[in-house]
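Examination of the molecular architecture
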Amino acid sequence: MTRSATAGPAGLVANRQLPVAGLLVGIGVCGLISVPVSRSGPDSPAAGGVRFGLTMDDWLARRLDRLYAEGQAHDARQADRLSRRRNLEPTSASLLAQLVRVAAARAIVEIGTSNGYSTIWLADAAAAVGGQVVSVDNASTDLAQRNLAETGLADVVNLVVADGGDYLAQAPSASIDFLFLDAERTAYLGWWPEVQRVLRPGGLLVIDNALAPDPAELTDLLAAILATDRWTSDTVPIGKGLFLAWKASRDGTRDPGGPVRATEDVGAPRSAS
Ligand SMILES: C[S@@+](CC[C@H](N)C(=O)[O-])C[C@H]1O[C@@H](n2cnc3c(N)ncnc32)[C@H](O)[C@@H]1O
């Protein structure tokens, strides 16, 4: 089985970069569904929109555009990096959501909520496949909660205020179908043992910032993933680089049990805001 990863400056392994369209065609995207939800924001809802060539409610696409623009404007005023929203690039967010749909992921966990921008993308995709999102941040999730409430997707998401490593440590084994890491990259290597434990066989790990701003921050983690049996990985050169790692089951196939069905198995929130 081919394994590859983003090399840091030291060049771990040649990076096999996949065109996104090829990736999606390769895993058989042939039709998308969207689930109508009730919107409470200032714009009038309009169904049936298309965003980045993918199905998305027009109203939600506009709201996400506005949220991203607000985040960019906010970040431009913040000298302190940690005070910024640091939202995922829209193209990366779109692919992230598409992967949730393709994988029919039910138990989705995001570490790094910020203002809820990527959370909303994940929630929209989760709603389409009957999934639930737990989004974890060690800072306040109040802003994310307000933004989510406006989209009508709040029921799809549990916002948890906790350290990402602590959250993973208390999550049941093999309980997560789809894990997105978008917090502080330097912490991920320490989380890796728990990541392996909590992701179910057949589950997908996605990590942002594989290519920028500093790929060296992920070099050791990617080396650890590459050295781990049953994990297959690639970097998609989109946005700041999305690293995808798939955990195969012991016989190298999809877990016969398929996606976790009981979303409550993701683990109860420690505290919700
Ligand atoms: C890059 S931002 C997340 C952006 C968000 N995913 C988006 O695209 O809208 C990083 C977030 O991770 C949170 N964070 C940093 N370290 C964390 C940790 N150890 N556990 C949980 N959250 C953490 C920060 O508070 C911040 O809100």
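Above this text sits the structure in question.
Report follows, based on the coordinates. Remember, it's a predicted structure, so these values are computed and weren't measured experimentally.

Conventions adopted
- Residues numbered from 1 in each chain as written.
- Predicted model: local features only at pLDDT ≥ 70, side-chain atom pairs only at ≥ 80, totals over all residues.
- Helix = DSSP H or I, 4+ residues; strand = E, 2+ residues; numbered from the N terminus.
- Expected span 1.5 Å × (residues − 1).
- Buried ≥ 20, exposed ≤ 12 C-beta atoms within 10 Å, placed from the backbone.
- Near = placed C-beta within 6 Å.
- Nonpolar A, V, L, I, M, F, W, Y, C, P; charged D, E, K, R; others polar.
- Axes fitted to C-alpha atoms, helices over the stretch in contact; angles between N-to-C directions.
- Parallel < 35°, antiparallel > 145°, perpendicular 65-115°, else oblique.
- Left-handed = near helix turned anticlockwise from the far one by under 90°.
- Contact = placed C-beta atoms within 7 Å.

1. Some thoughts on helix 3 (residues 90-103)
- Taking 1.5 Å of rise per residue, 14 residues should cover 20 Å, and helix 3 covers 20 Å from first to last C-alpha, within 8% of that figure.
- Burial analysis of helix 3 places 11 of its 14 residues in the buried class, the great majority of the element.
- Taken as a whole, helix 3 has its buried residues at Ser92, Ala93, Ser94, Leu95, Leu96, Ala97, Gln98, Leu99, Val100, Arg101 and Ala103.
- Positioned one or two residues after helix 3, alanine 104 has a phi angle of 50°, which is positive.

2. Concerning the site of the ligand
- Near the ligand there are 20 residues, and of these Leu88, Gly112, Tyr117, Ser118 and Gly164 occur at the shortest range.
- Those elements that provide at least two residues to the shell around the ligand are helix 4 (117-129) and strand 4 (132-137).
- Residues of the shell around the ligand, tallied by class, amount to 7 nonpolar, 8 polar and 5 charged.

3. Examining the packing of helix 7 (residues 188-198) against helix 8 (residues 219-226)
- Two numbers describe how helix 7 lies on helix 8: the axes approach to 9 Å, and their chain directions differ by 25°. Taken together, the axis directions place helix 7 and helix 8 in an arrangement best described as roughly parallel. Crossing hand, helix 7 versus helix 8: right-handed. Of the residues in helix 8, those touching helix 7 at Tyr188, Leu189 and Trp192 are Asp220, Leu221 and Ala224.

4. Some points on helix 4
- Along its 13 residues, helix 4 runs 19 Å from first to last C-alpha, staying within 8% of the 18 Å computed at 1.5 Å per residue.
- In terms of burial, helix 4 is largely enclosed, as 11 of its 13 residues are buried.
- Restricting attention to buried positions, one finds in helix 4 the residues Tyr117, Ser118, Thr119, Ile120, Trp121, Leu122, Ala123, Asp124, Ala125, Ala126 and Ala127.
- Phi turns positive, to about 75°, at glycine 130, one or two residues after helix 4.

5. Describing the environment of leucine 168
- The topology assignment puts leucine 168 in helix 6 (residues 164-170).
- According to the C-beta neighbour criterion, leucine 168 is buried, with 24 such atoms within 10 Å.
- Residues leucine 168 and tryptophan 192, 24 residues apart in the sequence, show an inter-C-alpha distance of 9.7 Å.
- Beyond its immediate stretch of four places on either side in the chain, leucine 168 contacts Trp191, Glu194, Val195 and Val198.

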